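# Geometric and topological summary
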Amino acid sequence: LFALLKAGHHLVHLESEDQLLHSILNDAVSVLDAQRGVIVLAEGDGPDPKLRLRALAVGGQESKGRFHFSKRLTARCFAQGESVLFQNVQNDQELMTQSIADGAMSSVLCVLLRTPRKKLGVLHLDRGFFQEPFTEDDLLLADAMAAHVSAGIECAQLLRKQRDLFQRTIMMLAQVVELRDEYTGGHTNRVTRYAVMLAEKLELSEHEVELLRFGTPLHDIGKLAVPDEILRAPRRLTPDEFAAMQLHTTLGAKYLAGIPDLHPVIPIVRHHHERWDGTGYPDRLAKDDIPLLARIV
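Calculation rules
Residues numbered from 1 in each chain as written. Predicted model: local features only at pLDDT ≥ 70, side-chain atom pairs only at ≥ 80, totals over all residues. Heavy atoms only, no water. Axes fitted to C-alpha atoms, helices over the stretch in contact; angles between N-to-C directions. Helix = DSSP H or I, 4+ residues; strand = E, 2+ residues; numbered from the N terminus. Parallel < 35°, antiparallel > 145°, perpendicular 65-115°, else oblique. Contact = heavy atoms within 4.5 Å. Nonpolar A, V, L, I, M, F, W, Y, C, P; charged D, E, K, R; others polar. Pairing = 2+ DSSP bridges. Buried < 20%, exposed > 50% of the residue type's maximum accessible area, 1.4 Å probe, protein only.

Let us look at the packing of helix α2 (residues 17-31) against helix α5 (residues 136-180). At a minimum axis distance of 10 Å, the contact between α2 and α5 shows a crossing angle of 170°. Considering the angle they form, α2 stands roughly antiparallel to α5. Mapping the contact onto sequence places E17, L20, L21, I24, D27, A28 and V31 in α2 and L141, M145, V149, G152, I153, A156, Q157 and R160 in α5. Of the residues in the contact of α2 with α5, the class split is 10 nonpolar, 2 polar and 3 charged.

Rendered as structure tokens:
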């Protein structure tokens, strides 16, 4: 019961899909005293999806080793659509594979991760020769844990797809800006890559790096309001034209103000032309008064 409650806690408090999978798996390995565990998830919506390793954990002093799980047993569990206990794989020559032998597996649980809508993947747990074999009770507990967390895994996958779609939409908007300004072709992609590299080198939080991924492609969105004769001028801008060009920072911030989910990246859009010495625009901010993510961009 405690294991089930703890699994539910992960669903509420973890946003990252990878974090969720590793937390669930570590709990399963610990509670069921496994020497090793993996989570494999199905990729693709066709009739024969590929099963890909997404999380790996080991119990006690075990090393991860080369062989993490039995692909044959995992595929069988997924194809049958039900959780399976292989109490003593050494006694069944049909089950013996290189991965089982080299992984020193004597007993294996393959637990189906599923929701009422679809099969998601398999939780694979094994015990070694110096451990008691898994029992039917172990299978029931592992299956209960799998059923309990599967909806959370599906939600995390849907959120990831939603974020990917959001990111692609933002990049499309950035490309619309670039189509108007031949001089800046590829500029958005390059600046975004550099900004993310700097943020990771500074060891910023995952949330801050995510804000840079969303906010940096939009840093010049205000240029949509800059007239073509200024944006594409093949000469040095006049003072009045330069002043009009500078408005792209405040106009971009104004555009994003109408989208609540993008409010955290408004400082990037408004302040990416500020300067450390205070001579930038639009607000002539200096030094640490410039928001950190805007300084990076």
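Next comes the rest of the write-up.
This brings us to the sheet that holds strand β4 (residues 107-114). If you walk across this open sheet you meet the 5 strands as β2-β1-β5-β4-β3, and the pairing is antiparallel. Looking at strand neighbours, the two that pair on one side only are β2 (50-58) and β3 (84-86), the edges of this open sheet. Averaged over all pairs of adjacent strands, the angle between their axes in this sheet comes to 15°, without regard to strand direction. Relative to strand β5 (residues 119-127), β4 runs antiparallel, the two being bridged by 8 bridges. In the strand pairing of β5, L109 is matched with L125.

So, about the pairing of β5. Judged by how many residues are buried, β5 sits mostly within the fold: 8 of 9 residues are covered. Here 6 bridges tie strand β1 (residues 36-43) to β5, and the two strands are oriented antiparallel to one another. Each bridged residue has a counterpart across the sheet, and for G37 the counterpart in β5 is L125. The loop that links β4 with its antiparallel partner β5 comprises 4 residues.

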